[in-house]
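# Chains, contacts and geometry: an overview
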Amino acid sequence: MSCVESELLGRFFDEEVSETERTEIESHLRQCSHCVSKLAELSLMRDNIASVQTPDPPSGLWNSIKASLDSETPTQRMVQSQNLPGSGRFRRFRAVAGIAAAVGIICTAAFWIGRGDSAQAAAVDFTVLLDSISEGAVEAFDRFITHHSGQAIDPTDAHRSAPDLDFEVPADLPGGWRRAKTYRLEFGGSRGIAASYTRNDGEFLATIFHPPVKKENFGTHKDYPCVVGKHRGHSVKIGEWRMMHLTDPTTCHCVLSRVTDDAQLAELMSAIAPRSKPSEGHGH
Amino acid sequence: MTEAEILEGCRRGDQHARHELYMQTSARIHRVLLRITRDHEAALDLAQSAYLKAFARINQFNGRAAVATWLHRIAVTEALQYLRKRNRDTGAPFTRSEAIATTPDHQAADVRMDIEDALALLDPLDRTMLLLRYDVGQDYRAIAEILDCAEGTVSSRLNRARGRLRGVLKNSYSLEEDAPSTHQNK
């Protein structure tokens, strides 16, 4: 048999051949080093194409989509979606959002007008997160990330992004949680880190690390002292959701979850704050 | 939520279902748009436009393909239209700096530039073919659905794209050259 024609060899590599073709080609490959090397070349090409890293979409992308959905009637949305040339819409959204933010309509959209503006938020503003958590924790977390100029980062860059903080963002947390995304945050010139986690059943958990500033804004939500394992801290509870804070002189470690078991919470806290000592609380 | 529940919710205009669809697909959609257009701003614009179109046309989704394939079809169509318009307006070829835009740091860029440079030099349709097959992992049937063509066309165009990519890479990688056409197995 002559060498396998390149298109057929490509289909064989892509597993898009018939059973008969597959048998014939496999038989040929046993005695043709040239075709074997061509397959190796295809494999190298595929691996190279797939291995390129790209950044995650910014969390504000959903906010801009949602704002567009909220601001348009169904008829407008249909007409616009059919007429869009395919670009400029995201930029137009930011221009419109600038006006909206100026009159206080869309606070979170300010991120897209000028990321530096929201970076000036001096307090850690948990109201953005807690006020809407009952409507959806993932969306509420996204709002918090956007409000504090969150930028998706590679988890391996987390410590370099916030060198003054002592924390961990492990790939896995006790209880079956797997890390989804990691973000760098801005708190009025200070850096913070956040990470989102999901479980196989779709349950969401988030960790947030920030400098132990005194201005933590919880809005109308009551913040209670609490003890987690050997550590003391404080927590806010809204419905099933609970935001735990483990505090020490360098870092405030926060976990947002629906975990109720104290032993599991203690394990989670130990995983994200392994070097924090029980006596080091900064006492919000 | 199952795909059926997400679709049903999206058809009702339920924001939670829409957000769930977005969360499940946005990383892949954004990635393919970024790699086709090689432009961060354009990728975000196109992603937003694609999702708005998808939500507006959700009742037209017939379930013949997976919803992710349908979303890819909308997004890729947007991207190719955008590139056609951009190239018509500017006549500008893709540049090295645009290629760097898809890598998060310079060190990674140094390692990956060969393949990204090579992809950047391909025709947008060839690049899209290769990305859909070898990055997104779509099979020929799905690619045919996304690009609205026959499966046989996918096979021949992929072959052409692979050949062109090999040609561009020849000076970068020490890949084996094609043997003379007279090569015969012993």
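Before any of the text, the structure's been laid out above.
Model, not experiment: these values are computed from the prediction.

The rules behind the values
Residues numbered from 1 in each chain as written. Chains lettered and ligands numbered in written order. Predicted model: local features only at pLDDT ≥ 70, side-chain atom pairs only at ≥ 80, totals over all residues. Heavy atoms only, no water. Helix = DSSP H or I, 4+ residues; strand = E, 2+ residues; numbered from the N terminus. Buried < 20%, exposed > 50% of the residue type's maximum accessible area, 1.4 Å probe, protein only. Areas by Shrake-Rupley, 256 points an atom, 1.4 Å probe, with all protein chains shown as cover. Contact = heavy atoms within 4.5 Å. Core = buried A, V, L, I, M, F, W, Y, C linked by side-chain atoms within 4.5 Å. Domains from an automatic or database assignment. Pairing = 2+ DSSP bridges. Polar contact = N/O pair within 3.5 Å; in protein donor to acceptor, adjacent residues only side chain to side chain. Salt bridge = Lys/Arg side-chain N within 4 Å of Asp/Glu carboxyl O. Phe/Tyr/Trp six-rings, centres within 6.5 Å; stacked < 30°, edge-to-face > 60°. Lys NZ or Arg CZ within 6 Å of the ring centre and 35° of its normal. Axes fitted to C-alpha atoms, helices over the stretch in contact; angles between N-to-C directions. Parallel < 35°, antiparallel > 145°, perpendicular 65-115°, else oblique. Nonpolar A, V, L, I, M, F, W, Y, C, P; charged D, E, K, R; others polar.

## A closer look at the overall build of chain B
- Counting its secondary structure elements, chain B contains 9 helices and 0 strands.
- For chain B, the sequential pattern of α-helices and β-strands runs α-α-α-α-α-α-α-α-α.
- Per-residue burial for chain B yields a buried fraction of 54% across its 186 residues.
- Accessible surface for chain B amounts to roughly 8400 Å². Of this, 47% is attributable to carbon and sulfur atoms.

## Section: the overall build of chain A
- Along the backbone of chain A there are 12 helices and 11 strands.
- Burial statistics for chain A: of 284 residues in total, 50% are counted as buried.
- The long-range fraction of contacts in chain A, counting pairs at least 24 apart against all pairs at least 6 apart in sequence, stands at 59%.

## Section: the nonpolar core
- The biggest cluster of nonpolar side chains holds 71 residues, and the ones touching the most others in it are A:I49, A:I65, B:L130, B:L147 and B:L165.
- Viewed by domain, this core spans two of them, domain 1 (6-50) and domain 2 (58-113) of chain A, each represented by three or more residues.
- Aside from chain neighbours lying at most four places away, what touches B:L147 is B:V76, B:L80, B:L125, B:T128, B:M129 and B:L132.
- Counting 24 residues, the second largest nonpolar core, distinct from the first, contains A:F141, A:Y183, A:A194 and A:I238.

## A look at the pairing of strand β5 (residues 190-198) of chain A
All names here are of chain A.
- The pairing of strand β4 (residues 177-187) with β5 spans 9 bridges and is antiparallel. Across the sheet, the residue bridging to L185 is G192, located in β5.
- Where β4 hands over to β5, the hairpin turn is made up of 2 residues, of which G188 adopts a positive phi near 55°.
- Note: β5 against strand β6 (residues 204-210), 6 bridges, orientation antiparallel. Directly across from T198, in β6, lies its bridge partner F204.
- Linking two consecutive strands that pair antiparallel, namely β5 and β6, is a turn of 5 residues; a positive phi of about 90° is found at G202 within it.

## Observations concerning the side chain of B:T37
All names here are of chain B.
- Note that T37 resides in helix α2 (residues 15-37).
- Given the relative accessible area of 0%, T37 is considered buried.
- Here L33 takes part through its backbone oxygen, which lies 2.8 Å from a polar atom of the side chain of T37.

## A word on the pattern of salt bridges
- Counted by the stated rule, this structure contains 29 salt bridges over all chains.
- Among the salt bridges present, the one from B:R166 reaches A:E41, with a minimum N-O distance of 2.4 Å. With B:R166 in helix α9 (residues 151-169) and A:E41 in helix α3 (residues 33-50), this residue pair bridges two chains. Per residue, the accessibility class of B:R166 equals that of A:E41, and both read buried.

## As for the packing of aromatic side chains
- This model, assessed by the stated rule, comprises 10 aromatic pairs over all chains.
- Relative to B:W70, the ring of B:F61 has its centre 5.1 Å away and its plane inclined at 50°; by these criteria the two rings are tilted.
- A connected cluster of aromatic rings, assembled from ring pairs, spans A:W62, B:Y22, B:Y51 and B:F55.
- One residue, B:R18, lies across the ring of B:F55, its end atom 5.4 Å from the ring centre.

## Topic: the packing of helix α1 (residues 6-13) of chain A against α9(B)
- Relative orientation of the contacting elements α1(A) and α9(B) amounts to 105°, with a least axis distance of 9 Å. Viewed along their axes, α1(A) and α9(B) adopt a mutual orientation that is roughly perpendicular. Contact residues: A:S6, A:E7, A:G10 and A:R11 in α1(A); B:G152, B:S155, B:S156, B:N159 and B:R162 in α9(B).
- In the contact of α1(A) with α9(B), the residues fall into no nonpolar, 6 polar and 3 charged.

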